[in-house]
Amino acid sequence: MASLARFRPAVRRIPAFARAIQTSADTTQLQDIIEDQSKPFTVKLHEESFRAYQCETPSLEVEVKKDELLKMYKDMQTMRRMEMAADALYKAKLIRGFCHLAIGQEAVSVGLEYGIKPEDRVITAYRCHPFAVMRGGTIKGVIAELLGRQAGMSHGKGGSMHIFTPSFFGGNGIVGAQVPVGAGIAFAQKYLGKNTATFALYGDGASNQGQVFEAFNMAKLWGLPAVFVCENNKYGMGTSAERSSSNTEYFTRGDKIPGLQVNGMDIIASRHAVQYARKWVTEGNGPLLMEFVTYRYGGHSMSDPGTTYRTREEVQRMRSTQDPIRGLQRYIEEWGLATEQELKQLDKDAKAEVDQAVEEAKQSPEPLAKDLWTDIYYKGTEPSSMRGREREEVHHY
Amino acid sequence: MAAARAAFSRVAPAIASVRARPSLALKRAAFARGYATASENSMTVRDALNVAMEEEMMRDENVFILGEEVARYNGAYKVTKGLLDKFGEKRVVDTPITEMGFAGIAVGAALSGLRPICEFMTFNFAMQAIDQIVNSAGKTYYMSGGNVPCPVVFRGPNGAASGVGAQHSQDYAAWYGSIPGLKVVSPWSAEDCKGLLKAAIRDPNPVVFLENEMMYGVTFPMSSEAMSDNFTLPIGKAKVEREGTDITIVAHSKMVTHSLEAADILAKEGVKAEVINLRSIRPLDIDTIKASVKKTNRLLIVEGGFPAFGVGSEICAQIVESEAFDYLDAPVERVTGADVPTPYATNLEALAFPDTPVIVKVAKRALYRTN
């Protein structure tokens, strides 16, 4: 315990969000008895679900539908199962290198997907697996990529941090670099006259990068349809937000760009805020900042136990009182939308889906040796040859 | 003799222009217009770059330019002059002084299907953005298993200028040249600039296009073929600017001028130098160099960058590793920038970069001559 004491901050930490936002997953209230479960019904979010900077908070009344809530539940559960499978595969040494898991943060990735349209664009950093699946990828494709196999979404050439779909631009390994790239994607959407929103995500750790502010400035200057989303899970690797950021209110750091802080553990609040943001930028109001207050149960990556810079009690408390999946489960059961048994069946289905995807992924072979040489340059524009490790190792195109 | 002079004038424009300079009035008119007239068929490097961008922007609506001072200022070096007036603010975009940010924006735009031309005021400033160039642009196609191409052009002046000191004079050809996934071009003449920039813009790969500020104002003859709006040159092919039999001199960018001047001086002393204009750093056209070395048996590489780990080092290594090694009658020679941060004082700066006398001296050394 003494060794842990070394890592406890010397100054007693005043929770940065104690004044306003709350991060429980189960405080949304039903407004009226649901007459007809096939129709939308209204629920009311906790009044401390949002904080706004230079804009209005979204209304606390949200319209939801039973089948959508059940789908979101299943998706969150599937994503959690996928990340847990990756955890096991990494420990079995079938996945190597970097593996950053998003367990605990499912409300953000799933909430985002349910709040946007297929033609919208998303880019994030390396904690990207659920986003890749939500944006049109497959669990098998993600797992196979982690295993370094041909069936991987990048054919085994990229690994955990470099997974893409036509509307999802990764998966990026350099902290913060994805934010200007995201602004560029938004720039292109505007240039091409598309009425879409581009969501560029980054973490509390990346939030202090200079290039993030460069992107903010140009997005505001040029009125780009970009939503800059800080996924604040309170730790950048082993450094807490309070120890890295002189201003931990990340939603206020856009200077002239308005911002919205959101309870990232309640998926109904998260999705509602995403819809608000999408509307904001597609109606020509320029960029918007969002900050999802969320939490990761695991360490920064598979190499980090996640307990040297925070207490086990803190992790346990978050898991037991603020888990996004448990929160949605409570809503579904309390509002009479499904029984515990029915939800358990969804849990089993999620597990089965992931297990099958893992099995199929494992069957996929490793890339061929010749695939070392493909995709360095655009197909058809390669030079006559590329060099290997010594002068006789030459690949001719 | 007439044929030799014709060949001479084609490859040594600095000298040719002295002999065949058009009347002052005509020149002034051409300068004011900013273009060479078709009958003259000559153009400055600056105009060739301008015309290349204009033609490609007319050809493809997705081509646009961004960078500092490219629009209203007409370009810090006037390379983008007139383009804002022709194409408007949507397609010629002034950026704040935030290289990392706007290079990233260029990459994002390219990933989304546009064809950005990202200008760096000089490549010294591109160091602020080098992560976006190398990691976001250069490697993404590979890391995505061929799913996500990045057709961006990063262009701007590279290498020595005049009297601008150490932080503004570095040559980055070797740095970008070492990255698989990038193409790196270092043109010399107006024709090179036009053909290669058009090719770079049309190329679906990320291309680093290294110009040279001291070449912007130099006029070169342009073939009628080069005047066409569909004229491109292949990236990765060198050009033999002057044929010879006694020694191969390989150079890129401004050093081609010095190498040709050296070849003229050597010719007076009975040495026929073959001068190769690399045109591209990556892919490197080693085959053209090899064929030349097999003919001349001696190799001298001239470049403006630092000597350590440079373009000359790479060419030397590749030649020594190849069958051309057996054809060498002398060690490979390199003439490079000096291993010093570029000084300001004129006399010291002159000692920091190759000049024609140094090239002549080293060429003779390769020929085992002391005079």
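Thresholds applied
Residue positions are given per chain, counted from 1 along the sequence in the order it is written. Chain A is the first chain written and ligand 1 is the first ligand written, with later ones labelled in order. Restriction of local features to residues with pLDDT of at least 70 applies here, the model being predicted, together with a cutoff of 80 or more for giving and counting side-chain atom pairs; totals for whole chains, interfaces and linings are based on all residues. Side-chain measures were taken over the full set of non-hydrogen atoms in the model, leaving aside hydrogen atoms and water. Counting from the N terminus, the helices are the DSSP runs of H or I reaching at least four residues and the strands are the DSSP runs of E reaching at least two. Each residue is placed in one exposure class: buried if its accessible area under a 1.4 Å probe, protein chains only, is under 20% of its type's maximum, exposed if it is over 50%, and partly exposed if it falls in between. Contact definition: two residues touch when any of their heavy atoms are within 4.5 Å. Note on areas: Shrake-Rupley, 1.4 Å probe, and residue coverage restricted to the protein chains presented here. In short, DSSP must find at least two bridges between two strands for them to pair. Helix axes are fitted only over the stretch in contact, all axes being lines through C-alpha atoms; the angle between N-to-C directions runs from 0 to 180 degrees. UniProt positions are given in the numbering used here, feature names are shortened, and annotations may be inferred rather than shown by experiment. Aromatic contacts are taken between Phe, Tyr and Trp rings whose centres are within 6.5 Å, Trp giving its six-membered ring; a plane angle under 30 degrees counts as stacked, one over 60 as edge-to-face, and the others as tilted. For a Lys NZ or an Arg CZ to count as sitting over a ring, it must be within 6 Å of the ring centre and within 35 degrees of the ring normal. For any pair of parts, buried area is found by adding up, for both, the accessible area (1.4 Å probe) each one loses once the two are put together. Here a polar contact is taken to be a pair of N or O atoms separated by no more than 3.5 Å, where protein atoms must pair a possible hydrogen donor with a possible acceptor and residues adjacent in sequence count only if both atoms sit in side chains. For this classification, Asp, Glu, Lys and Arg are treated as charged, while Ala, Val, Leu, Ile, Met, Phe, Trp, Tyr, Cys and Pro are nonpolar and the rest, including Gly, are polar. Nonpolar cores are built from buried Ala, Val, Leu, Ile, Met, Phe, Trp, Tyr and Cys residues. Side-chain atoms within 4.5 Å join them into one set. In this scheme the crossing of two helices becomes right-handed for a clockwise turn of the near helix relative to the far one and left-handed for an anticlockwise turn of less than a right angle. Salt bridges are defined as contacts in which a side-chain nitrogen from Lys or Arg sits within 4 Å of a carboxyl oxygen from Asp or Glu.

Chemist: How should the overall build of chain B be read in this particular structure?
Modeler: Across its full length, chain B carries 15 helices and 14 strands. The 371 residues of chain B split such that 60% are buried. Across chain B, contacts joining residues at least 24 apart in sequence account for 79% of those joining residues at least 6 apart. Total accessible area on chain B stands at roughly 14,700 Å², and carbon and sulfur atoms take up 56% of it.

Chemist: Looking at this model, I keep getting lost on the sheet that holds strand 7 (residues 207-211) of chain B. Mind explaining?
Modeler: By definition, the strands of a sheet pair up through backbone hydrogen bonds, in either a parallel or an antiparallel sense. All names here are of chain B. Spatial ordering of the open sheet is given by 3-2-4-5-7-6-12, a layout of 7 strands whose pairing is mixed. Since the sheet does not close on itself, it has two edges, and those belong to strand 3 (92-94) and strand 12 (280-282), each with one partner. Direction aside, neighbouring strands of the sheet carry axes that sit 20° apart on average. Where strand 4 (residues 115-119) meets strand 5 (residues 153-157), 3 bridges bridge the pair, whose relative direction is parallel. Across the sheet, residue isoleucine 117 finds its bridge partner in strand 5, namely valine 153.

Chemist: What is the right way to look at the UniProt feature "domain: Transketolase-like pyrimidine-binding" (unreviewed entry) in chain B in this model?
Modeler: Here, UniProt's "domain: Transketolase-like pyrimidine-binding" (unreviewed entry) annotation points to residues 43-218 of chain B. Secondary structure within residues 43-218 of chain B divides into 36% helix and 16% strand; the distance between the first and last C-alpha atoms comes to 8 Å.

Chemist: Looking at this structure, I do not really get the packing of aromatic side chains. What am I missing?
Modeler: Here a ring pair, both rings aromatic, is described through the centre-centre distance and the interplanar angle of the planes. Under the defined criterion, the tally for this structure stands at 21 aromatic pairs over all chains. With a centroid separation of 5.6 Å and 80° between ring planes, the pair formed by Phe213(A) and Phe216(A) is classed as edge-to-face. Of this pair, Phe213(A) and Phe216(A) both sit in helix 7 (residues 210-222), 3 residues apart, which is roughly one turn of that helix. Residue class for Phe213(A) comes out partly exposed when judged on its relative accessible area of 30%. For the pair Tyr172(B) and Trp175(B), a centre-to-centre distance of 5.2 Å together with 85° between the ring planes defines the contact as edge-to-face. An aromatic cluster of at least three residues, connected via ring pairs, comprises Phe102(B), Phe120(B), Phe123(B), Phe154(B) and Tyr176(B). Geometry around Tyr235(A) places Arg310(A) over its ring, the cationic atom sitting 5.5 Å from the centre. Seen from the ring of Tyr377(A), Lys183(B) lies directly overhead, with NZ or CZ sitting 5.6 Å from the centre.

Chemist: Honestly, the interface of chain A and chain B in this entry has me stumped. Any pointers?
Modeler: Reports of interface size often rely on the accessible area that becomes lost once the parts have come together. Each partner contributes to the interface: chain A provides 39 residues, whereas chain B provides 47 residues. Interface area for chain A against chain B, summed over the two sides, is near 3,600 Å², with a carbon-plus-sulfur share of 66%. Taken as a group, Tyr191(A), Tyr377(A) and Tyr378(A) account for 20% of the area that chain A buries against chain B, more than any other trio of residues on that side. There are 21 residue pairs in polar contact (both at pLDDT 80 or more) connecting chain A and chain B. Of all the secondary-structure elements, those providing two or more residues to the side of chain A that touches chain B are helix 6 (178-191), helix 7 and strand 12 (385-387) of chain A. Classifying every residue of the side of chain A that touches chain B by side-chain character gives 22 nonpolar, 10 polar and 7 charged.

Chemist: What's the story with the nonpolar core in this structure? I'm lost.
Modeler: Nonpolar side chains in soluble globular proteins tend to be buried together. Residues and elements named next belong to chain A. Judged by nonpolar contacts, the single largest core of 84 residues is most densely connected at Leu69, Phe199, Ile268, Met290, Leu328, Ile332 and Trp335. Ranked by the residues each element gives to this core, the list is headed by helix 2 (residues 66-91), at 11 residues. The contact partners of phenylalanine 199, leaving out residues within four places of it in the chain, are Leu112, Ile116, Arg121, Val122, Ile123, Val227, Val229, Val274, Ala277 and Arg278.

Chemist: Sorry if this is basic, but what is going on with the packing of helix 12 (residues 286-296) of chain B against helix 13 (residues 311-321) of chain B here?
Modeler: When two helices pack together, their arrangement is given by the angle between their axes and by how far apart the axes lie. Residues and elements named next belong to chain B. In the contact formed by helix 12 and helix 13, the axes pass within 11 Å of each other and the chain directions differ by 60°. Along this stretch, helix 12 crosses helix 13, giving a crossing that reads as right-handed. Packed against helix 12, whose contacting residues are Ile286, Ile289 and Lys290, the element helix 13 presents Ile315, Gln318 and Ile319 at the interface. Residues of the contact of helix 12 with helix 13, tallied by class, amount to 4 nonpolar, 1 polar and 1 charged.

Chemist: Hey, could you run me through the pattern of salt bridges in this one?
Modeler: Pairing between side chains of opposite charge can happen when the charged atoms of each approach one another. Counted by the stated rule, this structure contains 42 salt bridges over all chains. Asp323(A) is paired through a salt bridge with Arg80(A); the nearest N and O atoms lie 2.8 Å apart. One end of the pair, Asp323(A), is in the loop between helix 10 (312-321) and helix 11 (324-334); the other, Arg80(A), is in helix 2, with 243 residues separating them in the sequence. With respect to class, Asp323(A) is no different from Arg80(A); both count as buried. With a shortest N-O distance of 3.7 Å, Arg59(B) and Glu56(B) are connected by a salt bridge. Of the two residues, Arg59(B) and Glu56(B) are both situated in helix 4 (residues 45-59); the distance of 3 residues between them amounts to about one turn of the helix. Members of the salt-bridge network, linked through shared partners, are Glu55(B), Glu56(B), Arg59(B), Lys194(B), Lys198(B) and Arg202(B).

Chemist: Sorry, what's going on with helix 12 of chain B here?
Modeler: Every α-helix winds through 3.6 residues per turn, so residues three or four apart in the chain are directed the same way. Residues and elements named next belong to chain B. Where helix 12 is concerned, the buried positions are Ile286, Thr288, Ile289, Lys290, Ser292, Val293 and Thr296. The inward-facing, buried residues of helix 12 contact strand 9 (239-242), strand 10 (247-251), strand 11 (273-277), strand 13 (299-302) and helix 13. Two residues or fewer after helix 12 comes asparagine 297, characterised by a positive phi angle close to 70°.

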